[in-house]
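Commentary on secondary and tertiary structure
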Amino acid sequence: MGRYIIQRFLWMFFVLFVISMITFAMMHAVPGGPFTQEKALPPEIIANLEKRYHLDEPYWKQYLLYIDKVMVPHISKDANPEMMDEALVGISLPGGNYLRWINFGPSYSSRSRTVNDIFREQLPVSIQLGIISMAVAITIGLPLGVISALKQNTIWDFLGMSVAIFGVSMPVVAMGPILIWIFGVTLKWLPPTGWGAKPPFTLFFIPNTIGSWDFWKHTLMPAFAVGTGYSAIIARLTRASLLQVIHEDYIRTARAKGLSERVVTTRHALRNALIPVVTILGPMFAGVLTGLFVVEQVFGIPGMGKYFITSITNRDYPVIMGAVLMYAFFLVVSNVFVDITYAWLDPRIRYD
Amino acid sequence: MYSKKWTVILGALMVVSMLLSACATPTPEEVIIEVTKIVEGETVVEQVVVTATPEPPAAEMRDNVLHVSFGPGDVPTLDPSLGTDTSSIQVVEEITVGLVRLHEETLAIEPGMAESWDLSDDGKTYTFHLREGIPWVRWNGSAVEEVLDADGNVRYVTAHDFEYGTKRTVNPETGSGYAYVLGMTMAGVEDYLYAENWDELSDEEKAELRDGVGVKALDDYTLEMTFLTEAAYNLNISGMWVARAEPQWLIEEKGDRWSEPGFNQGYGPYALKEWVHDSTMTIVANPFWPGIESVPQPVIKEVQFSMLDASAAFAEYEAGNMEVAGVPSADIDRVKADPTLSEELIIAPDGCAYYYGFNTEKAPVDNVHMRRALSYAVDRLDLVENVTKGGQEPAQWFCRPGMAGCPTMETHPDLGIKSSADKAKEELALYMEEMGYADVSEIPEVQLMHNTSEGHKQIAEAIAEMWHETLGIQPTVTNQEWKVYLKTIRSEDVPAVWRLGWCLDYPDANNFTREVFAKGGSGNPEVGGLNWLNEDFEQIVLDAAVEPDPVKRTQMYADAEQILVYEDAAVLPIYWYTMVNVTKPYVNRTYSNHGHDYYEKWSLELEK
C-alpha cells in the first residue's frame with residue numbers, strides 16, 4: 001500500500017506537469033491579453049507592462065521561467081518574505097539564506113497580490129464551506145438512499161426520492177436567493193450574505209472563529225443550498241447501488257446463515273454498495289473544496305471559485321495556471337484517498 | 001361618586017410616588033405640578049409633588065458606520081498610480097486628496113491639497129501652494145497614527161511627495177494604465193513614458209528623461225506643473241489620482257505591496273483600516289485631517305465597502321444591513337411599486353455613455369445615408385423604457401451632458417440625431433437611390449456584434465427588431481467574449497456595427513468627444529474601430545481643448561458632435577447611463593456627478 005501511494009504521488013507530478021503545459025498552451029492561444037482593455041492603452045504602455053511580467057519573451061522561455069519558479073526551490077540572501085516574489089514554502093536557512101519553493105507568481109489584475117496570497121486567503125474559505133457542505137450532503141444523502149432502497153416501492157422510497165429529485169432540480173442559483181429572501185430578509189434570522197471568518201487561519205484552513213455562532217450562522221444557508229444538491233446525487237446513487245447489492249448471492253448467503261437483517265445491511269450490503277458512492281465522492285470533494293462560483297456569488301462568500309472564471313476573462317495568466325494546477329492537485333489527492341477507501345471497503349481490492 | 005374614587009386613587013398614587021422618591025437613590029428630580037380635579041362639581045386645583053418620570057431608556061443608537069456596496073470581485077489596487085477602475089479610484093479619493101478637487105455636484109474645481117495656485121503668462125505652467133502640516137497617516141491595528149520618519153519626526157505631505165508620485169506614474173517601469181492621460185497633457189512625459197529601447201538606456205539617460213517631466217517641487221510646499229498646451233482641463237488633470245503624493249520611503253521598501261493593509265499610508269479624510277480581500281474594505285475617519293472647506297472632517301466614523309453581487313447587496317439592503325445599494329435591474333419594477341422602497345429610490349445621472357460604432361469602410365454602412373437611416377431608426381426612448389428600464393437617458397449625441405463643455409438638452413435640444421422612423425425611411429430611400437437598389441433585399445447584410453452579456457444581447461436584439469420593422473433590414477447579431485471582442489473591433493475585421501461604452505476619467509468634453517473619437521482614441525484606433533478620419537472634427541476638438549470661453553467651447557463641441565453623429569454619422573449614440581440607487585432615509589448624502597462619492601460630506605441620523 002505504501003509503495004502504491006508513493007507511486008501515485010510520483011505520477012501526480014507528471015500529471016501536473018502535463019496539465020500545466022496544456023493549460024499554458026491553451027490560455028496563450030486565446031485571443032486578447034491581460035492588458036486588453038475597453039479604454040485602449042497605448043502600445044508603448046502595453047509593451048512596458050508585458051516586459052514587466054516577461055510576456056515579451058518567447059512562449060517556451062515564459063513556460064520555463066514559470067516552471068522554474070513553481071517547481072524548483074531557490075535559495076537567496078534576500079529574506080524579505082513580504083515582497084512580491086514570496087513563495088508558498090519559505091524557510092530561513094542558517095547563514096542568512098532563505099529558501100523559496102512554489103512561487104505561483106503575481107496576479108496581473110490585483111497588482112499588490114500574488115497567486116499565493118489568493119491561495120492563502122481565498123482557498124481556506126472554500127475549503128471551510130466545502131467541508132461543511134459535504135457533511136450536509138452526506139448526512140442527508142446517505143440515509144435517504146439507504147431508506148429508499150430498503151423500503152423499495154413503499155411510501156418511504158417515494159418520499160425519499162421525491163426529496164432527491166427536488167434537490168437535483170433546484171439549483172443553487174434558484175435556491176440561494178429563496179433562502180436569502182426567507183431567512184435573511186424577511187425573518188432576519190440569518191445574515192443574507194458574507195462569511196464569518198477572515199484570514200489568518202489556523203493550520204491553513206481552520207477559522208479562528210470556529211467556536212462562535214457568528215461563523216456558523218454564515219455557513220447555514222450556503223452549506224444547505226450546496227449540500228442538498230449533492231445529497232440528491234448521493235441518495236440516488238446509494239439507492240441504486242444498494243438495490244443491486246441486496247440481490248447478490250453473498251447477501252442471500254449472509255441471510256441463510258442466520259445473520260440479523262441489521263448486520264446484513266450494514267456490514268455486507270451497505271459496505272459493498274458504497275463503492276460507487278465513494279467513487280463520485282472523490283472528485284465531488286475536490287470540486288467543492290476548491291470553490292463554487294455560483295454559491296460564492298449568490299452569498300457573497302470570498303472563496304476561490306470566482307477566480308476560476310474571472311482569471312480567464314481577465315487573462316490573468318498566473319492565476320489561471322495556479323487555479324488549474326491547484327484543482328488538479330486536489331483531484332489527484334482525492335482520487336488517491338478514494339483508492340485507499342476501496343481497499344478498506346472491499347478486502348478483495350489490493351494494490352500490491 | 002366617580003370623582004371620589006379618583007381622589008382616593010390619586011391620593012394613593014401620591015403616597016406611592018413619595019415613598020418611591022424617598023427610596024430611590026439618587027433621588028430623581030421632584031417636580032411640582034398642578035392637577036385640575038373636579039370634586040363634586042367644583043373645580044379644585046391642587047398642587048401635587050411628583051417625581052419626574054425616569055428618562056425613557058436611551059433611544060437605540062446606530063453605529064456611526066456606513067455600509068455601501070462595491071459590486072463583486074476584489075478591489076484591484078489602492079495604488080494611485082495603478083488604479084483604473086471605479087472601486088479602486090473611489091477609495092484612493094478618500095485616503096488621499098489631489099492638488100485640486102472637483103465639487104461632486106457642481107463639478108467646480110476647488111482647492112484640495114493646494115491652497116492656491118498661480119498660472120504663468122503663457123497659460124501652461126501652474127504653481128501650486130500646498131497646505132502645510134498635513135501628516136501622512138496609517139492604521140496601526142487599533143487607531144490611526146501619524147507616520148514618523150527615522151528620527152521620530154512626523155512626516156508631513158510635501159511637494160516632493162507629489163513630484164515623486166507623479167513621476168512614478170509616468171515611469172515606464174511602473175506600467176501604469178492611466179499614465180497616458182499625463183502623456184497627452186503634461187510636458188516632458190511622452191519622451192519618458194514612451195522612451196524607445198528603455199532597457200538599453202544608461203541610468204544617467206533615464207534620470208535625464210525623468211527630470212524632463214513637467215512636475216517639480218520648488219520647495220517643500222511649492223509645486224510647479226508644466227503642461228504641453230494651455231487648456232481648460234489642465235487643472236482637472238492635476239487633481240487626478242495619477243498625480244497624487246506617494247510615500248517614497250514605503251514604496252522603496254515594500255514594492256508593489258505597499259498599498260496593502262498593514263502597510264498602506266495615506267493622508268486624506270479617511271485612512272485604510274481593513275481590507276479582507278474579495279469580501280470587505282473598511283476606511284476609518286482620519287483624526288489628523290484638519291478639515292478644509294472643500295474636504296471637511298468626516299462625520300461618519302467608518303465606511304465599509306462590501307464586494308457583493310448586485311442581488312446580494314440589495315438583499316443586505318432590504319435586511320437593513322446596508323445603507324446604500326444599487327438596484328438590480330430585475331428588481332427595478334418592484335422597487336418602483338413598493339411604497340417604502342420607491343421613496344428611497346434615486347435615479348441619478350452617471351458619467352457614462354453607451355453607443356454603437358460603424359465601421360465606415362464596410363458595406364453597407366460605408367454610406368452615410370445608410371448610417372443615418374440606422375441611427376434614426378433606433379427608438380431610444382422605447383429602448384430605455386422597455387428594455388434597459390434603469391431610467392437611462394436617450395442620447396442624441398455622445399458627450400455626456402453635465403460634463404464641462406458638453407452640450408445639454410436644454411441648450412441644444414435639436415443637436416445630433418433625434419429618433420424618427422420617417423427620417424430613417426427618407427435616408428434609406430436616398431441610400432437605395434444612390435446605390436441603384438430597387439429592393440431592400442439587395443442591400444448587403446449588416447453585421448452587428450456585441451460582447452457576450454445578457455444586457456447587451458437584449459439591447460442588440462431590440463435594435464435589430466427596430467431596424468427590421470422600420471427599414472426592413474434584418475441584421476445578423478453575433479457576440480464574442482470580452483477580450484476576444486476587443487481584439488476583433490481593433491483589428492482589420494471590424495464588423496459593420498459594434499458596441500462600446502465610455503465612462504469619464506475627468507468630467508470634461510475633452511475626455512469624451514476627443515479622447516474617444518479623435519484618431520487614435522479608444523473608439524477610433526489607428527486600426528479598426530470606426531475607420532474614420534474627418535479633418536474638421538480633428539481640428540475642432542483640438543481647438544476646443546484650449547478655448548477659454550465656456551459658451552464658445554460648448555458650441556465647438558456641439559459642432560464636433562454634429563459631425564460625429566449626424567453629418568458623418570460615424571457613431572450611433574444610444575443612451576447615457578444612470579445610477580439606480582436606494583438609500584436609507586437616515587442617511588444625509590450628496591449625489592456625485594463625477595463617479596466617486598465624498599463620504600466626508602455625508603452623515604447618519606444615529607438615533608433609531
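Our subject is the structure that appears above.
Residues numbered from 1 in each chain as written. Chains lettered and ligands numbered in written order. Predicted model: local features only at pLDDT ≥ 70, side-chain atom pairs only at ≥ 80, totals over all residues.

1. Some remarks on the overall build of chain B
A tally of regular secondary structure across chain B gives 19 helices and 23 strands. Seen along its three principal axes, the alpha-carbon backbone of chain B occupies a region of about 110 × 70 × 45 Å. Expressed as a percentage of its 608 residues, the buried residues of chain B come to 46%. (Helix = DSSP H or I, 4+ residues; strand = E, 2+ residues; numbered from the N terminus. Buried ≥ 20, exposed ≤ 12 C-beta atoms within 10 Å, placed from the backbone.)

2. Points about the overall build of chain A
When helices and strands are tallied, chain A shows 13 helices and three strands. Judged by the C-alpha coordinates and their principal axes, chain A covers about 80 × 60 × 40 Å.

3. Some points on the packing of helix α10 (residues 261-289) of chain A against helix α13 (residues 317-345) of chain A
All names here are of chain A. At a minimum axis distance of 8 Å, the contact between α10 and α13 shows a crossing angle of 165°. Taken together, the axes of α10 and α13 lie roughly antiparallel to each other. As α10 runs across α13, the sense of the crossing is right-handed. Residues R271, L274, I275, V278, T279, G282, P283, F285, A286 and L289 of α10 form the contact with α13, whose participating residues are Y327, F330, L331, S334, N335, F337, V338, T341, Y342 and L345. Of the residues that constitute the contact of α10 with α13, the class distribution is 14 nonpolar, five polar and one charged. (Axes fitted to C-alpha atoms, helices over the stretch in contact; angles between N-to-C directions. Parallel < 35°, antiparallel > 145°, perpendicular 65-115°, else oblique. Left-handed = near helix turned anticlockwise from the far one by under 90°. Contact = placed C-beta atoms within 7 Å. Nonpolar A, V, L, I, M, F, W, Y, C, P; charged D, E, K, R; others polar.)

4. Overview of helix α17 (residues 509-517) of chain B
Working note: α-helix, 3.6 residues per turn, so residues spaced by three or four point in the same direction. Residues and elements named next belong to chain B. A large share of α17 lies buried, amounting to nine of its nine residues. The complete set of buried residues in α17 reads A509, N510, N511, F512, T513, R514, E515, V516 and F517. On the buried face of α17, the contacting elements are β20 (497-503), α18 (535-546), α19 (550-567) and β21 (571-583).

5. Brief notes about the sheet that holds strand β1 (residues 74-76) of chain A
Residues and elements named next belong to chain A. Here three strands make up an open sheet; going across it, the order is β1-β3-β2 and the pairing antiparallel. Among the strands making up the open sheet, the edge pair consists of β1 and β2 (89-93). Averaged over all pairs of adjacent strands, the angle between strand axes in this sheet comes to 20°, irrespective of strand direction. Pairing between β1 and strand β3 (residues 97-101): three bridges, direction antiparallel. Across the sheet, residue I75 finds its bridge partner in β3, namely L99. (Pairing = 2+ DSSP bridges.)

6. A few points about helix α8 (residues 213-246) of chain A
Taking 1.5 Å per residue, 34 residues should reach 50 Å; α8 of chain A reaches only 43 Å between its end C-alpha atoms and comes up short. The largest bend along α8 of chain A reaches roughly 35° and is located at L220 of chain A, with the proline P222 of chain A sitting one to four residues downstream. (Expected span 1.5 Å × (residues − 1). Bend = angle between axes of the 7 residues up to and from the residue.)

7. Brief notes about the environment of S279 of chain B
With respect to the helices, strands and loops of the structure, S279 of chain B is situated in the loop between β12 (270-276) and β13 (280-285). It is 8.5 Å that separates the C-alpha atoms of S279 of chain B and F305 of chain B, two residues lying 26 residues apart in sequence.

8. A short note on the sheet that holds strand β7 (residues 125-130) of chain B
Residues and elements named next belong to chain B. Within the open sheet, the four strands sit side by side as β6-β7-β11-β10. Their pairing is antiparallel. The open sheet terminates on both sides in strands that have one partner only, identified here as β6 (114-119) and β10 (215-219). Taking each pair of neighbouring strands and ignoring which way they run, the sheet shows an average axis angle of 25°. Bridging between β6 and β7 involves five bridges; their strand directions are antiparallel. Residue pairing across strands places W117 opposite F128, the latter belonging to β7. The strands that helix α3 (residues 159-169) touches are β7, β10 and β11 (222-226); relative to β10, the one it contacts most, it runs at about 165°.

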